[in-house]
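Structural overview for review
Residues per chain, in single letters:
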Amino acid sequence: MRTKASTISLLVAIFMACLCENMVLPSTWKVQEGTGNEITDAKLGRTMKGDDSEHKVQHTSSCYNATAPLSMRRVRMDFSTEVVQNEYIVVFKDRYTTHARLNFISAALNASHVVSWSAVPRDNPASDYPSDFEVLKITECETESITALNGHPAIRQVTPQRRVTRTLKHVLETEETKENNDGEPCKEDDGTPCWAHPENWKSPRAMRRTSLSVGGAANFWQATGRHTSRRLLRAVPRQITSVLQADILWDMGYTGAGVKTAVFDTGLNEKHPHFKKIKERTNWTNEKTLNDGLGHGTFVAGVISSQADCLGFAPDADVYIFRVFTNNQVSYTSWFLDAFNYAILKKINVLNLSIGGPDFMDHPFVDKVWELTANKVIMVSAIGNDGPLYGTLNNPADQMDVIGVGGINFEDSIAKFSSRGMTTWELPGGYGRLKPDIVTYGSAVRGSGLKSGCRTLSGTSVASPVVAGAVTLLASAVLDRQWVLNPASMKQALMASARRLPTANMFEQGHGKLDLVKAYQILSSYKPQASMSPSYIDLTECPYMWPYCSQPIYHGAMPTIINVTILNGMGVTGHVVERPVWQPYTPQNGNYIEVALSYSPNLWPWAGYVAVSITASKSAANWEGIAQGQIMLTVESPPENGEETPRRSTLKLPVKVKVIPTPPRNKRILWDQYHNLRYPPGYFPRDNLRMKNDPLDWNGDHIHTNFKDMYEHLRQAGFFVEVLGSPLTCFDAHQYGTVLIVDPEEEFFPEEISKLKRDVDNGLSVIVFADWYNTTVMKKVKFYDENTRQWWMPDTGGSNIPALNELLAPWGMAFGDNVFEGEFKLLDHKCQFTSGTSIIKFPQDGVIIRQSLKDQGYEVVKGQTQSMEDIPVLGLHQHNEGSGRIVLFGDSNCIDSSHMQSDCYWLLEALLQYTAYSNLSPMFSEQESLPLPPYDGLPTRLEGNHLYRYSKVLEAHLGQPKPRPLPACPHLAWAKGDPLNISAPSNLFQHQKLLSVVEPVIPNILSKRDNPIPRIIQEGNPIWENRNSGNVVSLDNTGTVPLLAFISVVLVLGFFAYQLQKNRNRPARRKRPRFRKSNKLLERFQGKVPAV
């Protein structure tokens, strides 16, 4: 007799077999020429070679090892980037033939007597056409050559050629490891620290651009509340197209026909069985092959247009394959530029880029993306896999003219890996824009395998082709109205039709989840118009409007800035007519708020912006309530399609805010944003030296990006946090209790130092969180490129300690240049000190906290561990009665979410109790007071650094940087209100719709079969495909009643049969047929939905 446990075990085995067959996961990796730097996985039976050596990987399709859970398997990607020595991209102001380009270059260089130069050959399909750039190799007088080239009237700019290397490694990883791996010490196999080998400093985030796949099904079961409660788990669908109801459009005869779609990736093998309309394969790399050696490009193309097994959205689309990555996962900026030019020549309609990087200042690349979209190429791009940290958007997905796509799982929760907004282009002076634009499924999605069959991947590079395939399908459905199709109108339709996720905010989900059917309804009757993103401003709506909804406005506060994107579906160019108008609603207290507007007068390509600054009026200093109004603006574009008058669109942007009385001074904190610098444009290293895989500081150091958790803790503690995006001379110190200066990389103006001294004397308190700084360590952590033999030197340490010491000099305080790490306790609280600095100078009557730590700087330089006693890490001081209080702490990692091992919000709150209320905690007052040891001298700036190139404070002067003139403080021009004596709409979200759009009824699918579709699409839908989480579109209800009657009869008969069988007294051995029946049911549904 079979026991219950063994039966369950067998059922689980059957389920795993079904799951294995559906997911087709490769479990065996055979590596040829595997010498050195190999990664071996005994459980999975695979070996994959390391970073830069050529290798050949063979896949064998066998069942995935059940002993390795899916949650433990993912693809880890390492990246490196470098400037190619002596190579430069010369960008022209127009397109010229090769002969003309070389003549311009010769004229410019001959005038400077430069003769050692040559054009780098570019053997690709675009070489036969005029181009707007050339790649030069200059071997002498590089500075003079660049100056001469920039002075030529036909040349726009000269930038270095860059190379990016991407390396995929398949690893096992537990859920706990994934969540905590950033805190693990960085060690080599022999136990030596990572920084002993400078060549190891490579970023897992592409400093330029790379593929954005996470790989495997490792991240499928990711939900924001996965540890909080039990819930029903949903099965992984076999076809992503069925989840998004693409079959509805297929049955109407729309399958992508007539649309040209480009895939920029790793190529595609010839005669792949999943594709029938590959119009052209082109290679833009230096390898002589068109085939995909990695499988990523094949997967992406399959999600878009596969017609067998794992279906794509547009099987009849004309697909153009652009191979821009080598099998060693290397690419160059110039390869993309040539490929983009060719895509314009081929009149591509939709272009998918499952790549990205944080460098939004790669001007040739960004400019070319603008040129692409200006030519009506609808570009879809992944926002990145750097979540859940905020401020991690990748370029080009963060551009206004590109559809930026984030990822969700099949539980409709934001995937943990999906990058979050805001955009960081505008920092530190302003505030970021709303991104991503839209989200869709990016976890455990099935797509085409390298040579045949299907595989499962996760990542925003999976979500991106889902949207690109949907866009291709939508474009084919409105080909009869293709005059309305452009990058702006498609984005407008996707945004207006998206279904909002109830628990995610705007910087996680954008406008919501892709709704393919509703997007088709909108496009079918779309009228060219302008719109805004977001379409309304409601600072009372949480969680969607986070962080705006997390803190009410009040009189005297720094203005709240909301950057709104204007999408212009009327034309590639346009302009704002006159000035936008602020109209407060009189019945809804609109007179209690003031609004200032700055905007882009010209919209190109397809987009612009309006920055809305909001504050409470003086009359609202003691008032509390809700105030509302609206902003009116008109966009105009030139006439098209035989029209005689310009196109016009008048937009209304509703505004709703909560106003409270001005809080007391001691509850108000001012965050110094002005003195934070990040990559790009310079190399600013991470604050945690052990993070060798993520050395760049690129998240903006903003309270709503990598300091988000700290901000929320302060708000819960009752403090109000405001952001200063201008010098310290531009705020009224009488309004604030504490200024928070955290991890500054920027220099300080002399006027700022003087003004802060006066402010502290008048009662303003200051808290400084510093970070490591040591010129020897900085030289040790520089990047070295073995190919070009170049070093990339950091321009400062984790923090600019020399500049901070100048700011603190009036009070006799200073930080040192030793680097320490370790863990210590204050009372019952633990604190992790990670790559911080110590205090070497402090007033004798101040409170000094000393701890025992490891000398990390000695470990970096010497490779040996050394412990130190009585290291001063924290200092608290008040100069005299009535003056403000000053606090110094040597490390910011415990309040920075980037690589936090454990937080010290408890410490920050205790320090704020001291600065705001003069309450000195016993954890500080009970410490023994000892004088500081003597020091050899203050830290000095790194000789030959180039901080002046990126600084807002410094400028070059005869080889010696000096401070610039102090800029004027920004003064906003508050709009004069034009009051409206009408009631405001109660629900701003539901109130906003695209103008002049009437959603049509979808026609009967049975009457539109003109375009036959592949048989695989016509087969019956799996159980999952009948699930519709959005608006249900009823196509044919004639069979509904009989179907319900049949189901009811089956259920009743089944119930009686169950009761009869239950009451029979049968021998135990007769349970075997019941199991065979279950087994037959499983076999019957095998290949449709593996039940969970």
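What counts, and at which threshold
All residue numbers refer to position in the chain's written sequence, counted from 1. Where totals are concerned, whole chains, interfaces and linings use all residues; where local detail is concerned, this predicted model gives features only for residues with pLDDT of at least 70, and gives and counts side-chain atom pairs only at 80 or more. Hydrogens and water are ignored here; the side-chain numbers use all heavy atoms of the structure. The helix count covers DSSP runs of H or I at least four residues long, the strand count covers runs of E at least two residues long, and both are numbered beginning at the N terminus. Only heavy atoms enter the contact rule, under which two residues are in contact if any of them lie within 4.5 Å. We treat two strands as partners when DSSP finds at least two bridges between them. Orientation is described by axes fitted as lines to C-alpha atoms, over the contacting stretch for helices, and by angles from 0 to 180 degrees between their N-to-C directions. Cysteine sulfur pairs qualify as disulfides if the two atoms are within 2.5 Å. Here's how the labels work: a residue is buried when its accessible area is under 20% of the maximum for its type, exposed when over 50%, partly exposed in between, all with a 1.4 Å probe on protein chains only. Identification of polar contacts relies on pairs of N or O atoms within 3.5 Å, with a donor-acceptor requirement for protein atoms, meaning one able to donate a hydrogen and the other able to accept it, and with residues adjacent in sequence counted only if both atoms are side-chain atoms. Each salt bridge in this description consists of a side-chain nitrogen of Lys or Arg and a carboxyl oxygen of Asp or Glu lying within 4 Å of one another. In these notes, a set of buried Ala, Val, Leu, Ile, Met, Phe, Trp, Tyr and Cys residues joined through side-chain atoms within 4.5 Å is what counts as a nonpolar core. The arc in question is the one traced by the directions running from the helix axis out to the C-beta atoms. Should the near helix be turned anticlockwise from the far one by less than a right angle, the crossing is left-handed, and should it be turned clockwise, the crossing is right-handed.

**Overview of the overall build of the chain**
Along its length, the chain carries 24 helices and 44 strands. Partitioning the intrachain contacts of the chain with sequence separation of at least 6 by distance along the chain shows that 80% fall at a separation of at least 24.

**What to know about the sheet that holds strand 33 (residues 765-769)**
One open sheet holds the nine strands; their spatial order is 31-30-32-33-42-41-40-37-38, and the pairing between them is mixed. If you trace the sheet from one side to the other, it starts and ends with strand 31 (720-724) and strand 38 (829-836), each paired once. Put simply, the sheet's adjacent strands are angled 25° from each other on average, direction ignored. Sheet strands touched by helix 19 (residues 905-917): strand 30 (668-672), strand 32 (738-742), strand 33, strand 37 (820-826), strand 38, strand 41 (867-878) and strand 42 (885-889). Its angle to strand 42, the strand with the most contacts, is close to 160°.

**A short note on the state of the cysteines**
Per the counting criterion, the structure on display carries four disulfides. A sulfur-sulfur distance of 2.0 Å marks the disulfide that ties Cys 730 to Cys 969. Taking the torsion about the S-S bond as the criterion, the Cys 730 to Cys 969 disulfide, at about -85°, is left-handed. Of the two residues, Cys 730 sits in the loop between strand 31 and strand 32 while Cys 969 sits in the loop between strand 44 (962-963) and helix 21 (988-991), which places them 239 residues apart along the sequence. Under the relative-accessibility criterion, Cys 730 is labelled buried at 17%. Exposure remark for Cys 969: the relative accessible area of 26% places this residue in the partly exposed category. At a sulfur-sulfur separation of 2.0 Å, the disulfide partner of Cys 894 is Cys 904. Torsion about the S-S bond of the Cys 894 and Cys 904 cystine: about 55°, corresponding to right-handed handedness. With Cys 894 in the loop between strand 42 and helix 19 and Cys 904 in the loop between strand 42 and helix 19, the pair connects residues that are ten residues apart, well separated along the chain.

**As for the sheet that holds strand 26 (residues 602-603)**
Overall, mixed pairing links the five strands, which are arranged 22-29-28-24-26 in an open sheet. Whereas interior strands pair on both sides, the edge strands pair on one side only; in this sheet they are strand 22 (537-538) and strand 26. Judged from the two bridges that link them, strand 24 (residues 574-584) and strand 26 form a sheet pairing that is antiparallel. Considered in strand 26, the bridge of Gly 574 is made with Leu 603.

**Quick look at the environment of Gln 673**
One can find Gln 673 in the loop between strand 30 and helix 14 (708-716). Residues Gln 673 and Leu 427 lie 246 residues apart in sequence; the distance between their C-alpha atoms is 8.2 Å. Separated by 2.9 Å, the side chains of Gln 673 and Trp 671 make a polar contact.

**Observations concerning the pattern of salt bridges**
Inspection of every chain in the model, using the stated rule, returns 32 salt bridges. Of the charged contacts in the structure, one is a salt bridge between Lys 288 and Asp 123, with a shortest N-O distance of 3.8 Å. Here Lys 288 is found in the loop between strand 11 (278-283) and helix 7 (296-305), whereas its partner Asp 123 is found in the loop between strand 6 (117-119) and strand 7 (131-138), with 165 residues between them in sequence. For the residue pair Lys 288 and Asp 123, the accessibility class agrees, reading exposed in each case. Because the salt bridges share partners, they merge into one network encompassing Arg 95, Asp 132, Lys 368 and Glu 371.

**A few points about unusual backbone geometry**
In the segment running from Asn 395 into Pro 396, the intervening peptide bond is cis, with an omega of 15°. Within the chain, Gln 329 stands out as a residue other than glycine whose phi angle is a positive 65°. Residue class for Gln 329 comes out buried when judged on its relative accessible area of 3%. The residue Lys 347 is not glycine, and still its phi comes out positive at about 55°. Mapping Lys 347 onto the fold places it in the loop between helix 8 (333-345) and strand 14 (350-353).

**Here's the deal with the nonpolar core**
In terms of nonpolar packing, the biggest core is built from 86 residues, with Val 612, Met 710, Leu 874, Phe 889 and Phe 924 touching the most fellow members. At nine residues, helix 19 tops the list of elements feeding residues into this core. In this structure, Val 612 is in contact with Ile 537, Thr 560, Ile 561, Ile 562, Val 564, Val 595, Ala 596, Leu 597, Ile 631 and Leu 653, ignoring residues within four places of it in sequence.

**Some words on helix 14**
Those residues of helix 14 lying buried are Lys 708, Met 710, Tyr 711, Leu 714 and Arg 715. Looking down the long axis of helix 14, one finds its buried residues gathered within 160° of arc, a one-sided arrangement. Among the structural elements, strand 30, strand 31, strand 32 and helix 19 are those in contact with the buried residues of helix 14. Phi turns positive one or two residues past the end of helix 14, at Gly 718, with a value near 95°.

**Some points on the packing of helix 7 against helix 10 (residues 460-477)**
Close contact between helix 7 and helix 10 brings their axes to 7 Å; oriented N to C, the two are set at 35°. In this structure, helix 7 crosses over helix 10, and the sense of that crossing is right-handed. Between helix 7, through His 296, Phe 299, Val 300, Val 303 and Ile 304, and helix 10, the contact on the second element is made entirely by Ser 461, Val 462, Pro 465, Val 466, Ala 468 and Gly 469.

Don't take any of this as a statement about function, it's just geometry.
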